[in-house]
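Given next are the chains, with one letter for each unit.
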Amino acid sequence: MPKILGIDLGTTNSCVAVVDVTTPQVIPNREGSRTTPSVVGFTEDSDRLVGQIAKRQAITNPFNTVFAIKRLIGRKYESDEVSRAKQVLPYQIVSASNGDLKTKIRDREYSPEEISAFVLMEIKEFAEEFLGETVTEAIITVPAYFNDSQRQATRDAGKIAGLDVLRIINEPTAAALAS
Amino acid sequence: MTNPKRTKGNGGDDDAYVLDDTGDSTVEDIEHEMEVTAQEAADSTATRRAKAAEESPAPQENRELQNRYLRTLADFENYRKRADREKADFYKYALAGVLKDLLPVLDNFDRSLEHAEEGDDFHKGVLLIYKQMWDVLQRNGLRPIDQAGVPFDPKIHEAVVREENPSVPSQTVTAILQKGYFLHDRLLRPALVKVAVGGPEHQG
(Lines give C-alpha, C1' and ligand atoms only; values in the text may rest on other atoms or scores of the structure.)
Protein backbone atom coordinates (compact mmCIF):
# COMPACT_ATOMS: atom_id res chain seq x y z
CA MET A 1 0.00 0.00 0.00
CA PRO A 2 1.41 3.46 -0.78
CA LYS A 3 2.78 5.11 2.32
CA ILE A 4 1.60 8.50 3.53
CA LEU A 5 4.13 10.75 5.23
CA GLY A 6 3.21 12.63 8.38
CA ILE A 7 5.28 15.81 8.41
CA ASP A 8 5.81 18.27 11.23
CA LEU A 9 6.99 21.31 9.30
CA GLY A 10 8.45 23.33 12.14
CA THR A 11 9.88 26.82 12.47
CA THR A 12 13.32 25.59 13.48
CA ASN A 13 13.21 21.85 12.87
CA SER A 14 11.06 19.47 10.87
CA CYS A 15 10.29 15.83 11.49
CA VAL A 16 8.72 13.08 9.39
CA ALA A 17 7.06 9.83 10.39
CA VAL A 18 5.27 7.01 8.65
CA VAL A 19 2.88 4.36 9.93
CA ASP A 20 4.94 1.18 9.75
CA VAL A 21 2.41 -1.66 9.59
CA THR A 22 0.63 -0.56 12.77
CA THR A 23 2.71 2.00 14.64
CA PRO A 24 4.07 5.40 13.62
CA GLN A 25 7.81 5.48 13.17
CA VAL A 26 10.04 8.54 12.80
CA ILE A 27 12.24 8.43 9.71
CA PRO A 28 15.85 9.45 10.38
CA ASN A 29 17.51 11.73 7.84
CA ARG A 30 20.69 10.92 5.93
CA GLU A 31 22.84 11.89 8.90
CA GLY A 32 20.84 9.60 11.15
CA SER A 33 19.13 12.42 12.99
CA ARG A 34 15.41 12.35 13.70
CA THR A 35 14.85 16.03 13.07
CA THR A 36 16.04 18.17 10.18
CA PRO A 37 16.62 21.91 10.56
CA SER A 38 14.11 23.92 8.49
CA VAL A 39 16.93 25.91 6.92
CA VAL A 40 17.68 26.47 3.25
CA GLY A 41 21.00 27.87 2.08
CA PHE A 42 21.98 29.09 -1.36
CA THR A 43 25.71 28.90 -2.11
CA GLU A 44 27.84 30.99 -4.42
CA ASP A 45 27.82 28.21 -6.99
CA SER A 46 23.99 28.37 -6.91
CA ASP A 47 23.80 25.07 -5.07
CA ARG A 48 20.90 24.62 -2.74
CA LEU A 49 21.60 23.23 0.73
CA VAL A 50 18.86 22.03 3.03
CA GLY A 51 18.82 21.00 6.67
CA GLN A 52 21.83 20.48 8.93
CA ILE A 53 24.21 21.32 6.09
CA ALA A 54 22.52 24.65 5.47
CA LYS A 55 22.62 25.44 9.16
CA ARG A 56 26.36 24.76 9.36
CA GLN A 57 27.19 27.28 6.68
CA ALA A 58 24.73 29.91 7.93
CA ILE A 59 27.39 32.00 9.61
CA THR A 60 29.53 32.29 6.49
CA ASN A 61 26.55 32.97 4.27
CA PRO A 62 24.03 34.85 6.40
CA PHE A 63 22.27 36.81 3.66
CA ASN A 64 21.58 33.72 1.60
CA THR A 65 20.49 31.34 4.31
CA VAL A 66 16.78 31.29 4.96
CA PHE A 67 15.41 30.09 8.29
CA ALA A 68 12.21 30.49 10.29
CA ILE A 69 10.22 30.97 7.09
CA LYS A 70 7.21 29.53 8.92
CA ARG A 71 6.83 32.92 10.62
CA LEU A 72 6.28 34.51 7.22
CA ILE A 73 4.37 31.93 5.22
CA GLY A 74 0.89 33.03 4.16
CA ARG A 75 1.30 36.55 5.55
CA LYS A 76 1.01 39.92 3.82
CA TYR A 77 4.07 42.08 3.30
CA GLU A 78 2.39 44.99 5.09
CA SER A 79 1.48 43.00 8.22
CA ASP A 80 3.00 43.78 11.61
CA GLU A 81 4.62 40.37 11.94
CA VAL A 82 6.49 40.81 8.67
CA SER A 83 7.72 44.32 9.46
CA ARG A 84 8.96 43.04 12.81
CA ALA A 85 10.63 40.03 11.18
CA LYS A 86 12.31 42.25 8.60
CA GLN A 87 14.23 43.98 11.37
CA VAL A 88 15.74 40.80 12.79
CA LEU A 89 16.13 38.43 9.84
CA PRO A 90 19.41 38.65 7.94
CA TYR A 91 17.95 37.66 4.57
CA GLN A 92 16.17 40.15 2.36
CA ILE A 93 12.38 40.33 2.27
CA VAL A 94 10.63 42.10 -0.59
CA SER A 95 7.03 42.70 -1.53
CA ALA A 96 5.37 40.50 -4.15
CA SER A 97 2.92 41.81 -6.74
CA ASN A 98 -0.12 40.39 -4.94
CA GLY A 99 0.75 41.94 -1.58
CA ASP A 100 2.43 38.79 -0.28
CA LEU A 101 6.13 38.72 0.47
CA LYS A 102 9.12 37.07 -1.11
CA THR A 103 12.67 36.48 -0.01
CA LYS A 104 15.34 37.80 -2.31
CA ILE A 105 18.41 35.60 -2.57
CA ARG A 106 21.22 36.30 -5.03
CA ASP A 107 18.94 38.24 -7.42
CA ARG A 108 16.26 35.56 -7.39
CA GLU A 109 13.02 35.83 -5.52
CA TYR A 110 11.53 32.89 -3.67
CA SER A 111 8.12 32.81 -2.06
CA PRO A 112 7.86 31.36 1.46
CA GLU A 113 5.95 28.46 -0.13
CA GLU A 114 8.95 27.68 -2.31
CA ILE A 115 11.37 27.82 0.62
CA SER A 116 9.13 25.48 2.63
CA ALA A 117 8.88 23.26 -0.44
CA PHE A 118 12.69 22.92 -0.51
CA VAL A 119 12.56 21.59 3.04
CA LEU A 120 9.68 19.27 2.14
CA MET A 121 11.53 18.02 -0.95
CA GLU A 122 14.54 17.12 1.14
CA ILE A 123 12.28 15.30 3.62
CA LYS A 124 10.50 13.49 0.80
CA GLU A 125 13.82 12.44 -0.70
CA PHE A 126 15.35 10.89 2.40
CA ALA A 127 12.04 9.33 3.37
CA GLU A 128 11.83 7.63 -0.02
CA GLU A 129 15.40 6.47 0.35
CA PHE A 130 14.58 5.03 3.74
CA LEU A 131 11.34 3.35 2.67
CA GLY A 132 12.64 2.10 -0.68
CA GLU A 133 9.56 3.31 -2.52
CA THR A 134 8.26 6.55 -3.97
CA VAL A 135 5.92 8.62 -1.84
CA THR A 136 3.38 11.09 -3.22
CA GLU A 137 1.02 11.74 -0.33
CA ALA A 138 1.50 13.51 2.96
CA ILE A 139 -0.20 15.08 5.94
CA ILE A 140 1.32 18.29 7.27
CA THR A 141 0.76 19.81 10.69
CA VAL A 142 0.37 23.54 11.32
CA PRO A 143 -0.08 25.58 14.51
CA ALA A 144 -3.68 25.78 15.67
CA TYR A 145 -3.62 29.57 15.27
CA PHE A 146 -2.76 29.42 11.54
CA ASN A 147 -5.41 31.15 9.43
CA ASP A 148 -6.80 29.98 6.09
CA SER A 149 -4.16 31.79 4.08
CA GLN A 150 -1.33 30.24 6.09
CA ARG A 151 -2.88 26.78 5.78
CA GLN A 152 -3.36 27.20 2.05
CA ALA A 153 0.24 28.37 1.67
CA THR A 154 1.44 25.28 3.57
CA ARG A 155 -0.67 23.11 1.29
CA ASP A 156 0.84 24.85 -1.75
CA ALA A 157 4.34 24.24 -0.41
CA GLY A 158 3.51 20.53 -0.34
CA LYS A 159 2.25 20.68 -3.89
CA ILE A 160 5.45 22.40 -5.10
CA ALA A 161 7.46 19.63 -3.42
CA GLY A 162 5.48 17.01 -5.35
CA LEU A 163 3.38 15.92 -2.41
CA ASP A 164 -0.36 15.60 -2.48
CA VAL A 165 -1.33 17.05 0.90
CA LEU A 166 -4.27 14.95 2.04
CA ARG A 167 -4.84 16.88 5.24
CA ILE A 168 -3.57 19.88 7.12
CA ILE A 169 -3.99 19.09 10.80
CA ASN A 170 -3.40 21.17 13.89
CA GLU A 171 -0.23 20.42 15.81
CA PRO A 172 -2.04 19.87 19.14
CA THR A 173 -4.42 17.48 17.39
CA ALA A 174 -1.51 15.52 15.98
CA ALA A 175 0.12 15.37 19.39
CA ALA A 176 -3.10 14.10 20.93
CA LEU A 177 -3.50 11.45 18.22
CA ALA A 178 0.04 10.19 18.76
CA SER A 179 -0.28 9.69 22.50
CA MET B 1 -18.35 -54.29 10.76
CA THR B 2 -21.04 -55.70 8.49
CA ASN B 3 -23.51 -56.09 11.30
CA PRO B 4 -24.31 -52.55 12.08
CA LYS B 5 -24.83 -51.91 8.38
CA ARG B 6 -27.33 -54.69 8.09
CA THR B 7 -29.07 -53.58 11.19
CA LYS B 8 -29.40 -50.11 9.84
CA GLY B 9 -30.53 -51.32 6.45
CA ASN B 10 -33.14 -53.72 7.71
CA GLY B 11 -34.57 -51.42 10.28
CA GLY B 12 -36.51 -53.42 12.89
CA ASP B 13 -34.85 -56.84 12.47
CA ASP B 14 -34.17 -58.62 15.71
CA ASP B 15 -30.68 -59.16 17.10
CA ALA B 16 -30.85 -62.97 16.81
CA TYR B 17 -31.15 -62.85 13.03
CA VAL B 18 -28.20 -60.58 12.77
CA LEU B 19 -26.10 -62.70 15.03
CA ASP B 20 -27.00 -65.89 13.08
CA ASP B 21 -26.28 -64.25 9.79
CA THR B 22 -22.75 -63.17 10.52
CA GLY B 23 -21.22 -66.42 9.34
CA ASP B 24 -22.51 -67.13 5.84
CA SER B 25 -23.78 -64.12 3.87
CA THR B 26 -20.49 -62.34 3.18
CA VAL B 27 -20.70 -61.77 -0.57
CA GLU B 28 -24.16 -60.32 -0.43
CA ASP B 29 -23.16 -58.23 2.54
CA ILE B 30 -20.10 -56.77 0.95
CA GLU B 31 -21.96 -55.97 -2.24
CA HIS B 32 -24.59 -54.16 -0.27
CA GLU B 33 -22.05 -52.35 1.76
CA MET B 34 -20.21 -51.20 -1.31
CA GLU B 35 -23.39 -49.82 -2.73
CA VAL B 36 -24.16 -47.95 0.44
CA THR B 37 -20.67 -46.58 0.71
CA ALA B 38 -20.70 -45.45 -2.90
CA GLN B 39 -24.04 -43.77 -2.34
CA GLU B 40 -22.81 -42.10 0.80
CA ALA B 41 -19.65 -40.90 -0.90
CA ALA B 42 -21.62 -39.47 -3.79
CA ASP B 43 -23.99 -37.78 -1.39
CA SER B 44 -21.28 -36.21 0.67
CA THR B 45 -19.41 -34.93 -2.40
CA ALA B 46 -22.56 -33.32 -3.67
CA THR B 47 -23.28 -31.74 -0.32
CA ARG B 48 -19.76 -30.47 -0.01
CA ARG B 49 -19.95 -28.96 -3.48
CA ALA B 50 -23.21 -27.28 -2.75
CA LYS B 51 -21.89 -26.00 0.50
CA ALA B 52 -18.72 -24.70 -1.15
CA ALA B 53 -20.75 -22.92 -3.82
CA GLU B 54 -22.81 -21.28 -1.12
CA GLU B 55 -19.78 -20.13 0.88
CA SER B 56 -17.47 -19.07 -1.98
CA PRO B 57 -17.04 -15.28 -2.00
CA ALA B 58 -18.07 -13.17 -4.93
CA PRO B 59 -15.31 -12.92 -7.54
CA GLN B 60 -14.85 -9.26 -6.76
CA GLU B 61 -14.26 -9.91 -3.11
CA ASN B 62 -11.84 -12.61 -4.11
CA ARG B 63 -9.85 -10.21 -6.22
CA GLU B 64 -9.83 -7.69 -3.44
CA LEU B 65 -8.49 -10.20 -0.98
CA GLN B 66 -5.81 -11.30 -3.42
CA ASN B 67 -4.88 -7.67 -3.95
CA ARG B 68 -4.62 -7.07 -0.27
CA TYR B 69 -2.56 -10.21 0.13
CA LEU B 70 -0.15 -9.13 -2.59
CA ARG B 71 0.21 -5.70 -1.05
CA THR B 72 0.87 -7.10 2.37
CA LEU B 73 3.43 -9.40 0.80
CA ALA B 74 5.13 -6.43 -0.89
CA ASP B 75 5.02 -4.44 2.33
CA PHE B 76 6.58 -7.31 4.16
CA GLU B 77 9.28 -7.70 1.53
CA ASN B 78 10.14 -4.01 1.87
CA TYR B 79 10.11 -4.30 5.61
CA ARG B 80 12.46 -7.27 5.49
CA LYS B 81 14.90 -5.43 3.24
CA ARG B 82 14.82 -2.43 5.51
CA ALA B 83 15.29 -4.55 8.60
CA ASP B 84 18.32 -6.23 6.97
CA ARG B 85 19.82 -2.89 6.08
CA GLU B 86 19.16 -1.51 9.53
CA LYS B 87 20.78 -4.54 11.07
CA ALA B 88 23.88 -4.14 8.94
CA ASP B 89 24.00 -0.43 9.80
CA PHE B 90 23.47 -1.21 13.43
CA TYR B 91 26.53 -3.46 13.52
CA LYS B 92 28.63 -0.97 11.59
CA TYR B 93 27.65 2.04 13.65
CA ALA B 94 26.97 0.37 16.98
CA LEU B 95 29.89 2.24 18.50
CA ALA B 96 28.64 5.63 17.35
CA GLY B 97 27.05 6.56 20.68
CA VAL B 98 30.05 5.56 22.77
CA LEU B 99 32.52 7.19 20.42
CA LYS B 100 30.51 10.38 20.36
CA ASP B 101 30.67 10.49 24.14
CA LEU B 102 34.41 9.90 23.95
CA LEU B 103 35.07 12.80 21.59
CA PRO B 104 35.27 15.43 24.37
CA VAL B 105 38.01 13.31 25.95
CA LEU B 106 39.94 13.42 22.68
CA ASP B 107 39.37 17.17 22.55
CA ASN B 108 40.90 17.52 26.00
CA PHE B 109 43.91 15.45 24.95
CA ASP B 110 44.34 17.86 22.05
CA ARG B 111 44.08 20.84 24.37
CA SER B 112 46.50 19.50 26.93
CA LEU B 113 49.04 18.67 24.22
CA GLU B 114 48.68 22.16 22.82
CA HIS B 115 49.41 23.74 26.17
CA ALA B 116 52.29 21.54 27.29
CA GLU B 117 55.82 22.34 26.16
CA GLU B 118 56.92 20.08 23.37
CA GLY B 119 59.77 17.80 24.45
CA ASP B 120 58.65 18.14 28.04
CA ASP B 121 58.23 14.83 29.96
CA PHE B 122 54.60 15.63 30.64
CA HIS B 123 53.99 16.28 26.94
CA LYS B 124 55.70 13.02 26.00
CA GLY B 125 53.62 11.04 28.47
CA VAL B 126 50.32 12.49 27.44
CA LEU B 127 51.24 12.05 23.80
CA LEU B 128 51.96 8.35 24.33
CA ILE B 129 48.65 7.72 26.07
CA TYR B 130 46.85 9.76 23.45
CA LYS B 131 48.47 7.78 20.65
CA GLN B 132 47.57 4.50 22.25
CA MET B 133 43.97 5.52 22.60
CA TRP B 134 43.91 6.96 19.11
CA ASP B 135 45.19 3.69 17.63
CA VAL B 136 42.32 1.81 19.23
CA LEU B 137 39.74 4.28 18.01
CA GLN B 138 41.21 4.35 14.52
CA ARG B 139 41.07 0.57 14.32
CA ASN B 140 37.37 0.86 15.08
CA GLY B 141 36.73 3.17 12.19
CA LEU B 142 37.23 6.67 13.58
CA ARG B 143 38.69 9.25 11.18
CA PRO B 144 39.48 12.90 12.01
CA ILE B 145 38.59 16.06 10.10
CA ASP B 146 41.47 18.32 11.02
CA GLN B 147 42.77 19.91 7.85
CA ALA B 148 42.87 23.68 7.66
CA GLY B 149 43.41 25.59 4.44
CA VAL B 150 40.78 23.63 2.54
CA PRO B 151 37.64 25.13 1.01
CA PHE B 152 34.76 25.29 3.47
CA ASP B 153 32.42 22.30 3.05
CA PRO B 154 29.22 22.42 5.08
CA LYS B 155 28.99 18.63 4.81
CA ILE B 156 31.87 18.25 7.25
CA HIS B 157 32.53 21.73 8.64
CA GLU B 158 30.46 23.90 10.91
CA ALA B 159 31.31 27.56 10.61
CA VAL B 160 31.48 29.25 14.01
CA VAL B 161 33.78 32.17 13.28
CA ARG B 162 33.95 34.33 10.22
CA GLU B 163 36.96 36.57 9.64
CA GLU B 164 37.85 39.13 7.05
CA ASN B 165 40.98 37.79 5.46
CA PRO B 166 41.83 38.94 1.96
CA SER B 167 45.05 36.90 1.84
CA VAL B 168 43.28 33.59 1.18
CA PRO B 169 40.42 32.78 -1.18
CA SER B 170 36.95 33.46 0.19
CA GLN B 171 35.30 30.52 1.99
CA THR B 172 38.60 28.95 3.03
CA VAL B 173 38.91 27.20 6.37
CA THR B 174 41.64 29.14 8.16
CA ALA B 175 41.58 27.30 11.47
CA ILE B 176 40.11 24.20 13.04
CA LEU B 177 38.70 25.18 16.42
CA GLN B 178 37.51 21.68 17.27
CA LYS B 179 38.27 18.56 15.27
CA GLY B 180 35.45 16.77 13.53
CA TYR B 181 35.18 13.00 13.22
CA PHE B 182 33.90 10.35 10.87
CA LEU B 183 32.87 6.87 11.93
CA HIS B 184 33.49 4.81 8.78
CA ASP B 185 31.72 7.00 6.24
CA ARG B 186 29.15 8.58 8.51
CA LEU B 187 29.80 11.99 10.01
CA LEU B 188 29.96 11.65 13.77
CA ARG B 189 30.59 15.31 14.47
CA PRO B 190 31.40 18.18 12.11
CA ALA B 191 34.57 20.16 12.69
CA LEU B 192 34.08 23.62 14.17
CA VAL B 193 36.00 25.98 11.93
CA LYS B 194 36.96 29.56 11.27
CA VAL B 195 36.15 30.68 7.75
CA ALA B 196 37.76 33.48 5.79
CA VAL B 197 35.70 35.93 3.78
CA GLY B 198 36.46 38.97 1.74
CA GLY B 199 39.26 37.38 -0.28
CA PRO B 200 39.17 36.51 -3.97
CA GLU B 201 36.41 34.14 -5.11
CA HIS B 202 37.15 30.45 -4.97
CA GLN B 203 38.05 28.65 -8.14
CA GLY B 204 35.61 25.89 -9.05
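Residues numbered from 1 in each chain as written. Chains lettered and ligands numbered in written order. Predicted model: local features only at pLDDT ≥ 70, side-chain atom pairs only at ≥ 80, totals over all residues. Heavy atoms only, no water.

Q: Where do I start with the interface of chain A and chain B in this structure?
A: One frequently used descriptor of interface size is the decrease in accessible area upon assembly of the parts. Contacts between chain A and chain B engage 18 residues on the former and 24 residues on the latter. Buried area between chain A and chain B, summed over both chains or domains, comes out near 1800 Å², and the portion from carbon and sulfur atoms is 48%. At the surface where chain A touches chain B, the tally comes to 1 salt bridge. Residue Asp75(B) is joined to Lys3(A) by a salt bridge in which the shortest nitrogen-to-oxygen separation is 3.6 Å. Linking chain A to chain B there are 5 residue pairs in polar contact (both at pLDDT 80 or more). Secondary structure elements with two or more residues in the side of chain A that touches chain B: helix 1 (52-56) and helix 3 (112-131) of chain A. With 3 residues, the single largest contributor to the side of chain A that touches chain B is helix 3 of chain A. (Contact = heavy atoms within 4.5 Å. Buried area = accessible area lost by both parts, 1.4 Å probe. Salt bridge = Lys/Arg side-chain N within 4 Å of Asp/Glu carboxyl O. Polar contact = N/O pair within 3.5 Å; in protein donor to acceptor, adjacent residues only side chain to side chain. Helix = DSSP H or I, 4+ residues; strand = E, 2+ residues; numbered from the N terminus.)

Q: What's the story with the packing of helix 5 (residues 96-115) of chain B against helix 6 (residues 121-139) of chain B in this structure? I'm lost.
A: All names here are of chain B. Contact pair helix 5 / helix 6: the axes reach a minimum separation of 10 Å and the direction vectors enclose 155°. Considering their axes alone, helix 5 and helix 6 lie roughly antiparallel with respect to each other. In the packing of helix 5 onto helix 6, the handedness of the crossing is left-handed. Taking contact as the criterion, the partners of Leu 99, Leu 102, Val 105, Leu 106, Phe 109, Asp 110, Ser 112 and Leu 113 in helix 5 are, on helix 6, His 123, Val 126, Leu 127, Ile 129, Tyr 130, Met 133, Trp 134 and Leu 137. Residues belonging to the contact of helix 5 with helix 6 are distributed by class as follows: 13 nonpolar, 2 polar and 1 charged. (Axes fitted to C-alpha atoms, helices over the stretch in contact; angles between N-to-C directions. Parallel < 35°, antiparallel > 145°, perpendicular 65-115°, else oblique. Left-handed = near helix turned anticlockwise from the far one by under 90°. Nonpolar A, V, L, I, M, F, W, Y, C, P; charged D, E, K, R; others polar.)

Q: Looking at this structure, I do not really get the sheet that holds strand 5 (residues 186-189) of chain B. What am I missing?
A: Where strands meet in a sheet, backbone hydrogen bonds hold them as pairs that are either parallel or antiparallel. All names here are of chain B. The strand order across the open sheet formed by 3 strands is 1-4-5, and the pairing between neighbours is antiparallel. Since the sheet does not close on itself, it has two edges, and those belong to strand 1 (142-145) and strand 5, each with one partner. Each adjacent strand pair in this sheet contributes to an overall mean axis angle of 35°, direction not counted. Where strand 1 and strand 4 (residues 180-183) come together, 4 bridges link them in antiparallel fashion. Bridge pairing links Arg 143 to Phe 182 in strand 4. (Pairing = 2+ DSSP bridges.)

Q: So what exactly am I meant to see when it comes to the pairing of strand 11 (residues 137-142) of chain A here?
A: Put simply, side chains in a regular strand alternate between the two faces of the sheet. All names here are of chain A. Where strand 1 (residues 4-9) meets strand 11, 5 bridges bridge the pair, whose relative direction is parallel. What sits directly across from Gly 6, in strand 11, is Ile 139. Across 6 bridges, the pairing between strand 11 and strand 12 (residues 164-170) is parallel. Across the sheet, the residue bridging to Glu 137 is Asp 164, located in strand 12. With helix 4 (residues 148-160) bridging strand 11 and the parallel strand 12, this β-α-β connection has right-handed handedness. (Right-handed = clockwise from strand over helix to strand, strands pointing away.)

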